[in-house]
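Each chain, letter by letter, is given below.
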Amino acid sequence: MSDVRHVLVLPDRDAAEEVAEVLTEEYGVAQEPQLVRDALAGEDDAEDAQWLVVLEDPDSTCDPTALDTLAAAYEGWLEPERP
């Protein structure tokens, strides 16, 4: 078993909340996704923050292509995995 974490980057909190809901209800993920505010470098305004949906996938059951497609539907993307 490996520790896989998917990070979807979304433009705002509403989009992040909707994506987290879709992951829970339609993708049937085992663990509830975490929402994290990610302020852009040098920006203090909350409007300039990206939101991250962090999804733990210990059994590697989530398809990264499907996750990227889901994020893109909300004007976001799946952050590439780092070694």
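Everything below is about the structure printed above this text.
The residue numbering used here restarts from 1 in each chain and proceeds along that chain's sequence as written. Since the coordinates come from a predicted model, pLDDT governs what is reported: local features require at least 70, and pairs of side-chain atoms require 80 or more to be given and counted, while whole-chain, interface and lining totals use all residues. Heavy atoms throughout the structure, all of them, feed into the side-chain values; hydrogens and water do not.

(A) Spotlight on the environment of Val-9. Where helices and strands are cited, they refer to DSSP runs of H or I of at least four residues and of E of at least two residues respectively, numbered from the N terminus. Position of Val-9 among the secondary structure elements: in strand S1 (residues 5-10). Placed 70 residues apart in sequence, Val-9 and Glu-79 show a C-alpha to C-alpha distance of 6.7 Å. Any two residues whose heavy atoms approach within 4.5 Å are treated as being in contact. Setting aside residues no more than four positions away along its own chain, Val-9 makes contact with Gln-50, Trp-51, Leu-52, Gly-76, Trp-77 and Glu-79.

(B) Structural context of helix H2 (residues 64-73). With a 1.4 Å probe rolled over the protein chains alone, any residue whose accessible area is under 20% of its type maximum counts as buried; one over 50% counts as exposed, and the rest are partly exposed. For H2, every residue scored as buried is listed here: Leu-67, Leu-70 and Ala-71. Around the axis of H2, the buried residues are gathered within 95° of arc, so they sit on the same side. For H2, the exposed residues set more than 90 degrees away from the buried face come down to Thr-65, Thr-69 and Ala-73. Those residues of H2 that are buried lie in contact with S1, helix H1 (13-25), strand S3 (49-56) and strand S4 (77-78). Structurally, the start of H2 carries an N-cap: the backbone nitrogen of Thr-65 is 3.1 Å from a side-chain oxygen of Asp-63. Of the residues flanking the end of H2, it is Glu-75, one or two places downstream, whose phi is positive at about 65°. Throughout, the arc means that of the directions going from the helix axis to the C-beta atoms. For this analysis, a polar contact is any N or O atom pair within 3.5 Å, provided that within protein one partner can donate a hydrogen and the other can accept it, and provided that sequence-adjacent residues contribute only side-chain to side-chain pairs.

(C) The arrangement of the layout of surface pockets in detail. A volume near 180 Å³ is recorded for the second largest pocket. Lining the second largest pocket we find Tyr-27, Gly-28, Val-29, Ala-30, Gln-31, Glu-56, Asp-57, Pro-58, Asp-59, Thr-61, Cys-62 and Asp-63. The nonpolar class holds Ala, Val, Leu, Ile, Met, Phe, Trp, Tyr, Cys and Pro. Asp, Glu, Lys and Arg form the charged class, and all remaining residues, Gly among them, are polar. Here the residues of the lining of the second largest pocket sort into five nonpolar, three polar and four charged. Of the two site types, the cavity is a set of points on a 1 Å grid over the protein atoms alone where a 1.4 Å probe fits but cannot get out, and the pocket is an open set with protein on both sides within 12 Å along at least five of seven lines, each lined by residues with an atom within 4 Å of a point. Grid points are joined across faces, edges and corners, and a volume is the space filled by probe spheres set on the points.

(D) Spatial organisation of the pattern of salt bridges. Salt bridge criterion: a side-chain nitrogen from Lys or Arg within 4 Å of a carboxyl oxygen from Asp or Glu. Inspection of every chain in the model, using the stated rule, returns two salt bridges. Between Arg-5 and Glu-56 there is a salt bridge; the shortest N-O distance is 2.7 Å. Of this pair, Arg-5 sits in strand S1 while Glu-56 sits in strand S3, and the two are 51 residues apart along the sequence. Ionic pairing is found between Glu-17 and Arg-13, a salt bridge with its closest N-O pair at 2.8 Å. Note that Glu-17 and Arg-13 are positioned in helix H1 at a spacing of four residues, about one turn of the helix. Judged by relative accessible area, which is 34%, Glu-17 ranks as partly exposed.

(E) Inspection of the nonpolar core at higher detail. Counting 17 residues, the largest nonpolar core has Leu-8, Leu-10, Val-19, Leu-23, Val-53, Leu-55 and Leu-67 as the members making the most contacts within it. Among the elements of the structure, S1, H1, S3 and H2 are those that each provide at least two residues to this core. Take this core: its biggest share by element is six residues, from H1. Among the buried residues, those of types Ala, Val, Leu, Ile, Met, Phe, Trp, Tyr and Cys that are joined through side-chain atoms within 4.5 Å form a nonpolar core.

Remember that the coordinates give geometry; whether it matters functionally is a separate question.
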